[in-house]
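Structural overview
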Amino acid sequence: MWTLVAIAGAVGWAMLALARGEEVSATWMVVAALGTYAIGYRFYSRFLAHRVLKVDKNRATPAERLNNGVDFHPTDRRVLFGHHFAAVAGAGPLVGPVLAAQMGYLPGTIWIVVGVIFAGAVQDMVTLFFSTRRDGRSLGQMARDEVGPVGGAAALIAVFAIMIILLAVLAMVIVNALAESPWGVFSIAMTIPIALFMGFYLRVLRPGRVTEVSVIGVMLLLLAIVSGGWVAESSWAETFTLSPGALVVWMVIYGFVASVLPVWMLLAPRDYLSTFMKVGTIALLAIGVIVAMPSLKMPAVTEFASRGDGPVFAGSLFPFVFITIACGALSGFHSLVASGTTPKMIQKETQVRMVGYGAMLTESFVAIMAMVAACIIDPGLFFAINAPAGAIGDTVQSASEAVANFGFTISPQDLTAAAEAVEEDSLLSRTGGAPTFALGMSEIFSAVIGGAGMKAFWYHFAIMFEALFILTTVDAGTRVGRFMLQDMLGNVYKPFREVSWKPGVWIASAVVVGGWGYFLWAGVHDPLGGINQLFPLFGIANQLLAAVALAVCTTLLVKSGRLKWAWVTAVPLAWDVAVTLTASWQKIFSGDTAVGFFAQRQVYADAIDAGKVIAPAKDMDDMHTVVLNSTVNGVLAAFFALLVIVILVDAGRVCYRAIRYPEQVVLHEAKFEQSRIVAPAGFFPTAEEKAELAEASRSDRGHPATGAR
Amino acid sequence: MREHTGRLRELAGKLRWYWRELTGESAYDRYLAHARAHDPGASPLSRREFERRRTDAAEDDPREGFRCC
């Protein structure tokens, strides 16, 4: 059986790698990925669970010991898997792979699959395990308890800085997708009254009836998408046609207002809507890819991989593919979820494998589908959409010529036709990944349902679905950033810590919104292209957080006497640090002006002194913008690199002491308590587990809640 | 035939259970069961009050239930 799976996976990879000059079916990519996941899950995660972590089915989890029926309660493993997956998978895995597709489908795909098996899923599972052993403590708290105050502080600062960059990048994705698109802007604007209505319904009319209100909400949402098409053709179109600059202002206002409103009004209902849309669309997409069997038009490896001068993001394959694709392969952010809500709900320690490792594999599969969506559209079109306006100009003629210079062909007529097919004025320089993904998705869906006539609907459906959960993240992320900031400011002036002290909430919210708003504004107005400049920073930040999580995990493995197995997180940590530091080094010191922020700054500053304007800047203001942005970005890259080094050195010190003086090790693990819950570890109970379940239900008829269903 | 409908009903019940657990719709039932099991004399919160507190808890610590990028 496992031999067959291995053979299928290997054939898939062979088809992908050996195709020369002809189109490969996307099905092979799906087969290769699924086959490899299956092998990784069956063998590597089993090894992690039983040999490395030694999960103990007799040890009660925090959910069992501290059960209060609300936030701590043992949750069925399949339900928790759903919760955990919905919490970790967002817009990230849909954006990174699309951008990385500029180097061809192969490098990104290999990294997504290999990365998740040996790094990403390991990080999620091990963090979940250690947090479960510590009553669900957060990553920051674990860093402070187990590494020390310096490492702990560095981890906190890292989380905060990442939050700001993350929100700016996600908001920019939305701005680029919605600019000059009345259909998109109208549909997204409608989600606000829809969410307010749902919030009112859940608060006042029928509390807790999530299903009814979600059904109503999804119906209204579909209506909003359809009516967006009508609005775009009506006299209202003008009102909803917004420039990128205007959208930035609206985003900032929205971010501030949404984050100070009560949770029940906007955030909670939006969260339901976006989660349903997310899980539903991802499921549809998986079915679509399998039914439509599109073929990959992008080459396996493009010349940008070795030359490092790609228009979407600059830099060569190593390290920049590994920076660009964070979510889906190795995402530091997950360690926040794996050390937050999930460990307080897990029923059995043995289930960390299925929940932690399994959910991450599923997210990785989402990333693979994003890669499919990006690679089935014509490469010429791909580059016209994803290259910044500074590189391709703003007419279809100039774009067609620029694409020819990249080594691909697309005629001006085809560019116009592609935009018309989805009822947009133009698709040129719609950077950020969302429009590309939406186009790929509309291609797949319209092949299954509705034909070419439905393309525009599916395109806007996809834009809506991404915008919806990005806006939810903007709201929720601003709140998290604010909370952390209030906590820090509370050290200076106590009332800041009070969540109910309104001025504190407003000030902290304004600071956080101002932070991401600044980067959003700067990115949207950057003549060199905001995504091109900021996405690498986001990737570095996310991988930095992964370095923190992996360093904490490695320290804990060493401290808990698992030195022999510490390589399971130390090797991914070493790789991650190599990638992050190389990328930061190149971003800071590279003499190539497309890659190095300071080299870029120098060239533009010299030109300003000489009174010259260099393309793509159009005037002196643009020149000053470039100089300012590259300075800020360069300093930020240096700051991130410094944080990585601080955490590593501190973790190294703790590990050294633990190895040298094992008798002095202090672990902050919760005490052992016998577990009385009987529940299987995986999706399907084994024969042995079935026998245990039957035994438990015989001896324990009075307490149905303690057995699994 | 009867066996079939029985199976279908069982499946539908399982799906309903899964859905309600996933959406959090069953949170109140769980709370009631928990409250009654621990203190039979206590008067548990009404559904309205319970749902209110549950949503407002997110206000106090927004990190609970935060979703990723």
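Residues numbered from 1 in each chain as written. Chains lettered and ligands numbered in written order. Predicted model: local features only at pLDDT ≥ 70, side-chain atom pairs only at ≥ 80, totals over all residues.

Considering the overall build of chain A
- Along the backbone of chain A there are 28 helices and two strands.
- In terms of overall size, chain A behaves like a compact globule, its C-alpha atoms giving a radius of gyration of 25 Å where 709 residues would be expected to give roughly 27 Å.
- Projected onto its principal axes, the C-alpha positions of chain A cover 75 × 60 × 55 Å.
- Pairs at least 24 apart in sequence give 81% of the contacts found in chain A among residues at least 6 apart. (Helix = DSSP H or I, 4+ residues; strand = E, 2+ residues; numbered from the N terminus. Rg over C-alpha atoms; globule rule 2.2 N^0.38 Å. Contact = placed C-beta atoms within 7 Å.)

Brief notes about helix H22 (residues 455-489) of chain A
- For H22 of chain A, which comprises 35 residues, the first-to-last C-alpha distance of 50 Å matches the rise-based estimate of 51 Å (1.5 Å per residue) to within 8%.
- Of all the 35 residues making up H22 of chain A, 32 are buried; the element is thus mostly covered by neighbouring parts of the structure. (Expected span 1.5 Å × (residues − 1). Buried ≥ 20, exposed ≤ 12 C-beta atoms within 10 Å, placed from the backbone.)

With respect to the interface of chain A and chain B
- With 37 residues of chain A in contact, the opposing surface of chain B contributes 28 residues.
- Among the secondary structure elements, those contributing two or more residues to the side of chain A that touches chain B are helix H4 (77-88), helix H8 (149-178), helix H10 (210-233), helix H15 (334-338) and H22 of chain A.
- Across the side of chain A that touches chain B, the residue classes break down as 21 nonpolar, twelve polar and four charged. (Nonpolar A, V, L, I, M, F, W, Y, C, P; charged D, E, K, R; others polar.)

Overview of unusual backbone geometry
Residue and element names in this part refer to chain A.
- Of the consecutive residues phenylalanine 318 and proline 319, the connecting peptide bond is found in the cis state with omega at 5°.
- Within the secondary structure layout, proline 319 lies in helix H14 (residues 317-324).
- Positive phi outside glycine occurs at lysine 54, with the angle close to 50°.
- Position of lysine 54 relative to the elements: it lies in the loop between helix H2 (26-53) and helix H3 (62-65).
- A residue is classified by how many C-beta atoms lie within 10 Å of it, and lysine 54, with 12 of them, is exposed.
- We note that glutamate 180 has phi near 55°; this positive angle belongs to a residue other than glycine.
- You can see glutamate 180 is positioned in the loop between H8 and helix H9 (182-205).
- For glutamate 180, a count of 15 C-beta atoms within 10 Å translates into the label partly exposed.

A word on the confidence of the model for chain A
- In the predicted model, chain A carries a mean pLDDT of 92, and 98% of its residues have values of at least 70.
- Across residues 704-709 of chain A the pLDDT falls below 50, and counting only partners more than four positions away or on other chains, this stretch makes 13 contacts in the model. (pLDDT = per-residue confidence, 0-100.)

Comments concerning the environment of arginine 479 of chain A
- With respect to the helices and strands, the residue arginine 479 of chain A is situated in helix H22.
- Look at arginine 479 of chain A and you get buried, because 25 C-beta atoms sit within 10 Å.
- When the C-alpha positions of arginine 479 of chain A and aspartate 309 of chain A are compared, they lie 38 Å apart, and in sequence the two are 170 residues distant.
- Other than its neighbours up to four places away in sequence, arginine 479 of chain A contacts Ser259 of chain A together with Pro62 of chain B.

Details of the packing of helix H12 (residues 267-292) of chain A against helix H16 (residues 352-375) of chain A
All names here are of chain A.
- Where H12 meets H16, the closest approach of the two axes is 11 Å, and the angle between their N-to-C directions is 55°. Regarding the angle of H12 to H16, the classification is oblique. Crossing hand, H12 versus H16: left-handed. Touching Ile282, Leu285, Ala286 and Val289 of H12 are Val366, Met369 and Val372, all from H16. (Axes fitted to C-alpha atoms, helices over the stretch in contact; angles between N-to-C directions. Parallel < 35°, antiparallel > 145°, perpendicular 65-115°, else oblique. Left-handed = near helix turned anticlockwise from the far one by under 90°.)

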